[in-house]
Amino acid sequence: MVTRYIFSVINRTPPHLLHEIVLVDDFSDSGELKTLDLEIAKLPKTRHVRLPKRSGLIKARLFGAAKSSGPVMVFLDSHCECNKGWLEPLLFEVYKDRSTVPSPIIDIIEFDNFDYLQANPQVGAFDWSFTFYWQELNQGENKTLPLVAPVMAGGLFAIDRSYFEEIGTYDTEMNIWGGENMEMSFRVWMCGGRLLSLPCSRVGHIFRSAAPYSFPGDQTLILFRNYARAVEVWLDEHKELFYRFVPLARDIDIGDISARVSLRKRLKCKSFNWYLENFLPMLPTEKRLLASGQIMNPKTKQCVDTLGRRRANDTVNHYRCLPKREIGYTNQVWMYSKRYELISLENCLDASVPDPEDMSWKRIALYPCHGLGGNQKWYYSPTQQIIHNESQLCLTVGDPRKAKLFLTKCDGSANQIFTFTNIYQLDDFDDL
């Protein structure tokens, strides 16, 4: 795959635009790479550099940047294939504005058979657990225009070398990989740059089910530590929302962040609130919430729970209420917005699909938040009932052994009473 990737760069890039290819080997122990130097020696403009020990993606990229010399750097994963005309749109955006950091649209290469599938133009977004996901946008009539991206995936992007250095490269105290894309995205936007996704630039990427390499330490703790470093530097008063969804990160030693805090001050960066208002207005913050936390039925001591499901139309159940440090707790964290949505990460509680066990009931399920009300609009009454606005039926817990939630006629019974962990303000809901 590595040589296929290199050939795609060489064959699909105008020679006058390609200064060099620097292939970074993060102290790989793969036997397949033993003959790589012999193959690379036959290729033009290609060098292979090797780290003295396993260092992870972040430090490997910084090592490769230091070994390269071109005025514009394009970072790519090695398990990619560049499509025709992939580079020119990226360089054009950097040429127009050196503080622009453009990314290609990332197409899908099937892991099992290497089939190449074209992806719809998308931009990156995230939820309060720092889980990255793709958002499709309405492009309008002109399908070729660059798309404003709130965050980048981080694996594939172009950047002016001097700008990369001016804004602080990567946080060198982050380890291995994970969260560096979020940190760089916040830094670029808040400190005067911009991120774009370019429909005219296409690079295929193999999405693997598991990493083919190992690294020392607990992967989850490494990831949470990286997240927390970004959170403490960039999220301002919104950092508590992250810790609500990732409580384990609160107790991790994140090391010294004073250099990154000083960098933010030196660059005179804007607030995280400015970033949210301009690029992620749908992401709920405490100013946009009426309540949050676990939604508990006091009679059964059970909480509304996604059970880790995140796909559209996945069923929502109830389960014993979990303490913050227990695995699965974040599946019970909900945000009740001023648009009267019950939000779990990027999804909303929805009741639009008939229950296959009883077609007279609506199934309580997840669906991507659309902001239009309808079946995603819920009224939390002064009597602590959660009323589905469209049907005027009440959310109800059933037999705890079946863990099923359903909608029934509101009768004030104990099975229809719910409490939130945090209540910020309750409107009188006169507009319902």
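This structure is a prediction, so every number in the text was calculated from the model and none was measured.

**Examining the confidence of the model for the protein**
Thought 1: For the protein, per-residue confidence averages 88 on the pLDDT scale, and residues scoring 70 or more make up 92% of the total.
Thought 2: Counted against residues more than four places away or in other chains, residues 428–432, with its pLDDT under 50, gives eleven contacts.

**Here we look at a nonpolar patch on the surface**
Thought 1: The grouping of I108, L117 and F207 at the surface amounts to a nonpolar patch, some 240 Å² of accessible area in total.
Thought 2: Within the secondary structure layout, F207 lies in the loop between strand 11 (194–206) and helix 7 (219–234).
Thought 3: Relative accessible area serves as the criterion here: at 43%, F207 is assigned to the partly exposed category.

**What about the nonpolar core?**
Thought 1: Counting residues in hydrophobic clusters, the biggest one holds 62 residues, and the most contacted among them are F126, F130, F186 and Y275.
Thought 2: Looking at which element gives the most residues to this core, the answer is helix 7, with seven residues.
Thought 3: Beyond its immediate stretch of four places on either side in the chain, F126 contacts T131, F132, Y133, V151, M182, F186, F272, Y275, L280 and L283.
Thought 4: By size, the runner-up hydrophobic cluster in this structure holds 25 residues, among which are L23, L43, L87 and L198.

**Quick notes on empty space enclosed by the protein**
Thought 1: This structure, assessed with the given rule, holds one cavity of 30 Å³ or more.
Thought 2: Put simply, the largest cavity is a space of about 90 Å³.
Thought 3: For the lining of the largest cavity, the secondary-structure elements that each account for two or more residues are strand 5 (100–109), strand 7 (122–126) and strand 11.
Thought 4: Top element by residues in the lining of the largest cavity is strand 5. It accounts for five residues.

**Some thoughts on the state of the cysteines**
Thought 1: Going through the model one piece at a time under the given rule, you end up with four disulfides.
Thought 2: C348 shares a disulfide with C369; S-S distance 2.2 Å. Here the disulfide of C348 and C369 is right-handed, its torsion about the S-S bond being about 105°. Taken together, the residues span a long stretch of sequence, with C348 in strand 17 (residues 347–355) and C369 in the loop between strand 18 (358–368) and strand 19 (378–380) at a distance of 21 residues.
Thought 3: C348 sits in the buried class, given a relative accessible area of 0%.
Thought 4: The thiol of C82 is not disulfide-bonded; the next cysteine sulfur, from C80, is found 6.9 Å away.
Thought 5: In this model C200 remains outside any disulfide bridge; the closest cysteine sulfur is found in C82, 16 Å from its own.

**With respect to the side chain of T169**
Thought 1: Along the chain, the position of T169 falls in the loop between helix 5 (161–166) and helix 6 (180–190).
Thought 2: Excluding residues within four positions of it along the chain, T169 makes contact with L62, F164, M184 and R187.

**Structural notes on the side chain of T100**
Thought 1: For T100, the position within the fold is in strand 5.
Thought 2: Of the polar contacts made by the side chain of T100, one reaches the side chain of R194; its length is 2.7 Å.
Thought 3: Residue contacts for T100: discarding those within four places in its chain leaves E93, V94, A158, R194 and L196.

**So, the pattern of salt bridges**
Any two side chains of opposite charge can pair, on the condition that their charged atoms come close.
Thought 1: Counting across every chain of the model gives 20 salt bridges.
Thought 2: One salt bridge in this structure joins R50 and D25, with 2.8 Å as the shortest N-O distance. Of this pair, R50 sits in strand 2 (residues 46–50) while D25 is found in strand 1 (residues 21–25), placing the two residues 25 residues apart along the sequence.
Thought 3: A single salt-bridge network, built from bridges that share partners, covers R4, R12 and E81.

**Topic: unusual backbone geometry**
Thought 1: Of note, F114 is a non-glycine position whose phi angle comes to about 65°, a positive value.
Thought 2: We note that Q384 has phi near 70°; this positive angle belongs to a residue other than glycine.

**A look at the environment of H205**
Thought 1: Looking at the element boundaries, H205 is found in strand 11.
Thought 2: On the basis of relative accessibility, which here comes to 9%, the residue H205 falls in the buried class.
Thought 3: The spacing of H205 and P121 is 84 residues in sequence and 14 Å in space, taken between C-alpha atoms.
Thought 4: The residues contacting H205, other than those within four sequence positions of it, are D77, H79, C80, I106, D107, I108, I109 and L156.
Thought 5: Within the structure, H205 has its side chain in polar contact with the side chain of D77 (distance 3.1 Å).

**A closer look at the packing of helix 7 against helix 9 (residues 258–266)**
Thought 1: Contact pair helix 7 / helix 9: the axes reach a minimum separation of 9 Å and the direction vectors enclose 40°. Judged by the inter-axis angle, helix 7 sits oblique to helix 9. With respect to the hand of their crossing, helix 7 and helix 9 are arranged in right-handed fashion. Judged by residue contacts, R229, V233 and W234 of helix 7 engage R260, V261 and R264 from helix 9.
Thought 2: Looking at the contact of helix 7 with helix 9 residue by residue, the class counts come to three nonpolar, no polar and three charged.

**Looking at helix 9**
Thought 1: Restricting attention to buried positions, one finds in helix 9 the residues R260, L263 and R264. The buried residues of helix 9 occupy an angular sector of 100° when the element is viewed end-on, so they sit on one face. Seen from the open side of helix 9, the exposed residues pointing more than 90 degrees away from its buried face are A259, K265 and R266.
Thought 2: Looking at the buried side of helix 9, the elements it contacts are helix 5, helix 6, helix 7 and helix 10 (272–279).
Thought 3: Two residues or fewer past helix 9, K268 is found with a positive phi of approximately 55°.

**A look at helix 4 (residues 87–96)**
Thought 1: Turning to helix 4, its buried residues number three or more, namely L87, P89, L90, L91, E93 and V94.
Thought 2: Buried positions along helix 4 lie against strand 3 (72–75), strand 5, strand 10 (157–160) and strand 11.

Conventions we followed
- Residues numbered from 1 in each chain as written.
- Predicted model: local features only at pLDDT ≥ 70, side-chain atom pairs only at ≥ 80, totals over all residues.
- Heavy atoms only, no water.
- pLDDT = per-residue confidence, 0-100.
- Contact = heavy atoms within 4.5 Å.
- Patch = residues over 30% accessible without salt bridge, like charges linked within 9 Å, V, L, I, M, F, W, Y side chains within 5 Å.
- Areas by Shrake-Rupley, 256 points an atom, 1.4 Å probe, with all protein chains shown as cover.
- Salt bridge = Lys/Arg side-chain N within 4 Å of Asp/Glu carboxyl O.
- Helix = DSSP H or I, 4+ residues; strand = E, 2+ residues; numbered from the N terminus.
- Buried < 20%, exposed > 50% of the residue type's maximum accessible area, 1.4 Å probe, protein only.
- Core = buried A, V, L, I, M, F, W, Y, C linked by side-chain atoms within 4.5 Å.
- 1 Å grid on protein atoms, 1.4 Å probe; cavity = no way out; pocket = protein on both sides within 12 Å on 5 of 7 lines; lining within 4 Å.
- Points joined across faces, edges and corners; volume = space filled by probe spheres on them.
- Disulfide = S-S within 2.5 Å.
- Polar contact = N/O pair within 3.5 Å; in protein donor to acceptor, adjacent residues only side chain to side chain.
- Axes fitted to C-alpha atoms, helices over the stretch in contact; angles between N-to-C directions.
- Parallel < 35°, antiparallel > 145°, perpendicular 65-115°, else oblique.
- Left-handed = near helix turned anticlockwise from the far one by under 90°.
- Nonpolar A, V, L, I, M, F, W, Y, C, P; charged D, E, K, R; others polar.
- Arc of directions from axis to C-beta.

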